[in-house]
Amino acid sequence: MFNTRRQFLKAAGAGGIGLLAPLGVAGIVNAAESISWFKNPLGIPPLETGSFINGKRVINLSLGYGTSAFLGNRPTATVGINGDYLGPVIRVNQSDDVVLKVTNNLSEPSTLHWHGLNLPAAMDGGPHQAINPGETWNAAFKIHPGACTQWYHSHMYHRTGIQVYYGLAGLFYIDDERSNALGLPSTYGVDDIPLVLQDRSLNQDGSLRYLGSMHDRMMGMMGQLMLVNGTAFARFKVQKRLTRLRILNGSNARIYNLVFDDQREFLQIATEGGLLERPVSLRNIVLAPGERVEILVEFTPGDDVMLRHRPLPRRAGSAGATMGMMGNMMAANDQPFSIMRFDAAQSSSTLQPVPTRLITPRNWSLNEAVRTRRFELNMQMGMGMMRGGGFGINGRPMDMSRIDQRVPLGDIEIWEIINRSPMAHPFHIHDTQFRIIDRNGRAPGAGEQGLKDTVLVYPREIVRIITQFENYTDSKTPYMFHCHILEHEDAGMMGQFVVVA
Ligand code: C2O
Ligand code: CU
Ligand code: CU
């Protein structure tokens, strides 16, 4: 770990680039010094709205190799969708019929999964929909959810971690009329800004470094260089006083606790599944891999602030304080660092009012639930760890040929997710959005009281969610549920369910 970081520091120095915020090194990044490093204009992914053919919105996506220059002129071999690294922001309307034509120009099979969407299992883009090199896969489905920020990424069996790490991911926006009418900031790239947070590590030659150690496999791959939309040391020149940030944690494993360096308040307006009932005022927000939030931030002229990660307070009885070796490994990784800079020198517009009520997110009541399913997340210590971690759910690692759960269409169900392992896992369910009922019996915070598709389950926590699978059945083709730490998913912390009539 540290050896690699030194090599990386050396590599950056050798290139004469002078750009490096060493992640995981407390105290080295002093605010005055670090802010001057953040001068690369934040990359804004192109919008992709497709074209209408016979009433369907058709979008062409091609997976291919590319080259990126994360640190100045040192080239890094990457993979992208219609580009060198990451993909466009796909933007569609509720009720559209879409056809996504995905061509694989890589030399290995891959997939694209539409994370957060309700769709037929055969269109989900999971491990069962692998696209071979040179082939095109057509995913055709109807857009059911209202306005929300979804995303898409590789879900290749055993290869999701490395394929996403190299760049196979992008955002997927859905618009609807009701939320358009709310008057929220919504000019793409101007006052409605996507932020895809990813941490990466580079070798001396500029190539991406993936899974260098046992630690990377156990804890998930965490990098030492912060990218936002593929930009290292990103700076966004704020244009409007009220700016909406749509933030995706697109990292393989890192959990962020996001704060501004001046501790300013901001308003959370959305979770994964769309807008909240009303804006929630916060000073920090925890975002685990796979999760999205939308926030509104007021920047006044002259503001020059950093978005930072601040280590989470230790939870009583949780990992770190008490878990010995694993705790130390986790603690070593949790240091403050800067993510990106917001420079509001030019912002001047008047502050637009924020509606006090947004929408009424879907909910289900407990007494409507017809059953409870239990999911225990397994991660073995000791010898199991040396053999590859013993990652599984309910005692079994993922098996493509085994269906773990059969869910009747339309039944309202409670899923109870149990984490007795020493680290937090973000649990994700395909094909649906859910509501969190409680965490160890306690109602979730206001910022989690909306529709979600990924929930962080802390050590020694039991999280109950309630949901309903609608619209599609297929007794043969499964959807996935899994930990969204991609190395855990690849190592077996994933299971399969079918929705049946
Ligand atoms: Cu974001 Cu099964 O994935
Ligand atoms: Cu998903
Ligand atoms: Cu996990």
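None of these values were measured; they are calculated from a predicted model. (Residues numbered from 1 in each chain as written. Chains lettered and ligands numbered in written order. Predicted model: local features only at pLDDT ≥ 70, side-chain atom pairs only at ≥ 80, totals over all residues. Heavy atoms only, no water.)

**Remarks on the overall build of the protein**
Quick reminder of the rule: Secondary structure elements are defined from DSSP: runs of H or I of at least 4 residues count as helices, runs of E of at least 2 residues count as strands, and each element is numbered from the N terminus. Throughout this description, buried means an accessible area under 20% of the type-specific maximum (1.4 Å probe, protein chains only), exposed means over 50%, and partly exposed covers the range between. Between two residues, a contact is recorded if the distance between any of their heavy atoms is within 4.5 Å.
When helices and strands are tallied, the protein shows eight helices and 33 strands. Within the protein, the proportion of its 501 residues that are buried is 60%. Considering only intrachain contacts with a sequence separation of at least 6, the fraction spanning at least 24 residues in the protein is 78%.

**A word on the layout of surface pockets**
Defined as follows: Computed over the protein atoms alone on a 1 Å grid, cavities are sets of points where a 1.4 Å probe fits but cannot get out and pockets are open sets with protein on both sides within 12 Å along at least five of seven lines; a residue lines them when it has an atom within 4 Å of a point. Grid points are joined across faces, edges and corners, and a volume is the space filled by probe spheres set on the points. Note on residue categories: nonpolar means Ala, Val, Leu, Ile, Met, Phe, Trp, Tyr, Cys or Pro, charged means Asp, Glu, Lys or Arg, and polar means any other residue, Gly included.
In this structure, the second largest pocket encloses a volume near 480 Å³. Looking at the second largest pocket, it is lined by 26 residues, and the ones nearest its centre are Pro 145, Gly 146, Arg 362, Gln 433 and Leu 451. Elements that contribute at least two residues to the lining of the second largest pocket include exactly helix H4 (177-180) and strand S19 (274-282). Residue classes in the lining of the second largest pocket are distributed as eight nonpolar, 13 polar and five charged.

**Overview of the sheet that holds strand S29 (residues 435-439)**
By definition, the strands of a sheet pair up through backbone hydrogen bonds, in either a parallel or an antiparallel sense. Threshold: Whether two strands pair comes down to DSSP finding at least two bridges between them.
The strand order across the open sheet formed by five strands is S25-S24-S27-S31-S29, and the pairing between neighbours is mixed. A single partner strand is all that each edge strand has here, and the edge strands are strand S25 (392-393) and S29. Across eight bridges, the pairing between strand S27 (residues 412-419) and strand S31 (residues 461-468) is antiparallel. Paired with Glu 413 across the strands is Thr 467, a residue of S31.

**So, the sheet that holds strand S16 (residues 242-249)**
Reading across the sheet, the seven strands line up as S14-S13-S12-S16-S21-S18-S19 and stay open at both edges, with mixed pairing between neighbours. The sheet is open, and its two borders are formed by strand S14 (231-232) and S19, each paired with just one other strand. Across five bridges, the pairing between strand S18 (residues 266-271) and S19 is antiparallel. Looking across to S19, one finds that Thr 271 is bridged to Gly 274.

**Some points on the side chain of His 430**
Summarising the element assignment, His 430 is placed in the loop between strand S28 (425-429) and S29. With a relative accessible area of 0%, His 430 lands in the buried category. The residues contacting His 430, other than those within four sequence positions of it, are His 113, Asp 124, His 155, Phe 469, Tyr 479, Met 480, His 482 and Phe 497.

**Quick word on the coordination of the copper ion (ligand 2)**
Filter applied, for reference: Water is absent from the atoms considered, so a metal site may look incomplete; donors are defined as N, O and S atoms within 2.8 Å of the metal, or 3.2 Å for Na, K and Ca.
At this site the copper ion (ligand 2) is bound by His 113 (NE2) and His 428 (NE2), with donor distances of 1.9 to 2.0 Å. Linking His 113 in strand S8 (residues 113-115) with His 428 in strand S28, this pair joins segments that are 315 residues apart in sequence. Each member of the pair, His 113 as well as His 428, carries the same accessibility label: buried.

**Concerning the coordination of the copper ion (ligand 3)**
In this structure, His 425 (ND1), Cys 483 (SG) and His 488 (ND1) serve as the protein donors to the copper ion (ligand 3), at separations of 2.0 to 2.1 Å. Mapping the donors of the copper ion (ligand 3) onto the primary sequence yields the spacing H-x57-C-x4-H. Taken together, the residues His 425 in strand S28 and Cys 483 in strand S32 (residues 479-483) connect sequence positions 58 residues apart. Here the two residues His 425 and Cys 483 agree in accessibility, since each one is buried.

**Focus: the environment of Pro 301**
When you line up the elements, Pro 301 lands in the loop between strand S21 (292-298) and strand S22 (304-309). Judged by relative accessible area, Pro 301 falls into the partly exposed class, the value being 47%. Spatially, the C-alpha atom of Pro 301 lies 9.0 Å from that of Val 238, the residues being 63 residues apart in sequence. Residues in contact with Pro 301, not counting those within four places in the same chain, are Arg 241, Ala 344, Ser 347 and Ser 348.

**Thoughts on the packing of aromatic side chains**
In this description, an aromatic ring pair is defined by two values, namely the gap between the centres and the angle between the planes. Stated formally: Each Phe, Tyr or Trp ring (for Trp, its six-membered ring) is paired with any other whose centre lies within 6.5 Å, and the angle between the two planes then decides the class: stacked below 30 degrees, edge-to-face above 60, tilted in between. Put simply, a charge is over a ring when the Lys NZ or the Arg CZ is close to the ring centre, within 6 Å, and near the line of the ring normal, within 35 degrees.
A full pass over the atoms with the stated rule returns 26 aromatic pairs. Ring geometry for Trp 114 and Tyr 152: centres 5.9 Å apart, planes at 45 degrees, overall tilted. Residue Trp 114 is located in strand S8, and its partner Tyr 152 is located in strand S10 (residues 148-153); the two are separated by 38 residues in the primary sequence. When sorted by exposure, Trp 114 lands in the same class as Tyr 152, which is buried. In this structure an aromatic cluster arises from ring pairing among Phe 375, Trp 415, Phe 427, Phe 469, Tyr 479, Phe 481 and Phe 497. Lying across the ring of Tyr 173, Arg 246 places its NZ or CZ 4.0 Å from the centre.

By themselves these figures say nothing about function.
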